[in-house]
Amino acid sequence: MTGPALDLATVSPEETRAVGEAVAALLRPGDVISLTGDLGAGKTTFVQGAARALGVEDPVLSPTFTLVREYRGRVPIYHLDVYRLERMQEVLDLGFEELVDRRAIVFIEWGDAIDVLLPPERLQVELTLPSDGQERRLSVTWYGRSWAARIEPLAAVLERWMV
Ligand SMILES: Nc1ncnc2c1ncn2[C@@H]1O[C@H](COP(=O)(O)OP(=O)(O)OP(=O)(O)O)[C@@H](O)[C@H]1O
Ligand SMILES: [Mg+2]
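Residues numbered from 1 in each chain as written. Chains lettered and ligands numbered in written order. Predicted model: local features only at pLDDT ≥ 70, side-chain atom pairs only at ≥ 80, totals over all residues.

(A) Representation of the overall build of the chain. Along its length, the chain carries six helices and seven strands. Listing the helices and strands of the chain from first to last along the sequence gives β-α-β-α-β-β-α-α-β-β-β-α-α. Taking 2.2 N^0.38 as the reference for a compact globule, 163 residues should give roughly 15 Å; the C-alpha atoms of the chain span a radius of gyration of 15 Å, in line with that estimate. Seen through its C-alpha atoms, the chain measures out along the principal axes to roughly 40 × 35 × 30 Å. Looking at the chain as a whole, 36% of its 163 residues are labelled buried. Restricting to contacts in the chain with at least 6 residues of sequence separation, those with at least 24 account for 71%. (Helix = DSSP H or I, 4+ residues; strand = E, 2+ residues; numbered from the N terminus. Rg over C-alpha atoms; globule rule 2.2 N^0.38 Å. Buried ≥ 20, exposed ≤ 12 C-beta atoms within 10 Å, placed from the backbone. Contact = placed C-beta atoms within 7 Å.)

Structure, rendered in structure tokens:
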């Protein structure tokens, strides 16, 4: 179950953080958010905003070299970056299946690299760089019943960035 993507544009890192915050208002424990798209497009920046809205006070740093970072917000938050992953087994060794549980919210940069491991219910945010400047495009796609029920409020909070 899916529907048309919500297409957004931002013109600064802080605006991409604000989009992350707006999405976070709709997030619930158990959610998985896959971030895809161009290198350096703003995936980590988006997670910084979402984490801030979820009550994380620690700085959110890129997990590129650590594979996963854990934050304590109102719920446990796991932030993965699977870009450097060489084998799918590395994600399984990390206990990926236990990270995706009913208590936590999981953000995965380059989530498309581990598509087969992702739960069918998820949100995907594809970030792209249309030019050399600070503009970014964000294409938000949802999958599954639990997101179908939230798509209207999601579209409402994202309306100001829609293109
Ligand atoms: N509109 C924007 N949204 C997000 N980031 C922006 C924007 N404009 C400029 N930037 C800058 O682009 C960079 C985005 O870096 P960020 O680490 O968030 O991207 P990323 O997609 O996680 O990169 P990587 O592919 O290396 O994981 C930052 O330096 C940020 O300040
Ligand atoms: Mg990143």
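(B) Representation of the site of ligand 1 within the structure. Around ligand 1, the structure places 20 residues, and the nearest of them are Thr16, Gly42, Lys43, Thr44 and Thr45. Put simply, the parts of the chain that give the shell around ligand 1 at least two residues each are helix H1 (13–24) and helix H2 (43–53). For the shell around ligand 1, a count of residues per class yields five nonpolar, 10 polar and five charged. (Near = placed C-beta within 6 Å. Nonpolar A, V, L, I, M, F, W, Y, C, P; charged D, E, K, R; others polar.)

(C) Highlighting unusual backbone geometry. The backbone of Leu67 sits at a positive phi, close to 70°, despite the residue not being glycine. Tracing the backbone shows Leu67 in the loop between H2 and strand E3 (68–72). Residue Trp110 is not a glycine yet carries a positive backbone phi of 60°. Along the chain, Trp110 falls in the loop between strand E5 (105–109) and strand E6 (122–128).

(D) Seen up close, H1. Between the first and last C-alpha of H1 there are 16 Å, a value that for 12 residues agrees with the 16 Å anticipated at 1.5 Å per step. For H1, the complete set of buried residues consists of Glu15, Thr16, Arg17, Val19, Gly20, Ala22, Val23 and Ala24. (Expected span 1.5 Å × (residues − 1).)

(E) Highlighting the nonpolar core. By size, the foremost hydrophobic cluster in this structure holds 35 residues, and its most contacted members are Ala50, Phe107 and Val125. The set of elements that each furnish at least two residues to this core consists of strand E1 (6–10), H1, strand E2 (32–37), H2, strand E4 (76–81), E5, E6 and strand E7 (136–143). If we skip the residues at most four places from it in the chain, Phe107 touches Ile33, Leu35, Val47, Ala50, His79 and Leu80. (Core = buried A, V, L, I, M, F, W, Y, C linked by C-beta atoms within 7 Å.)

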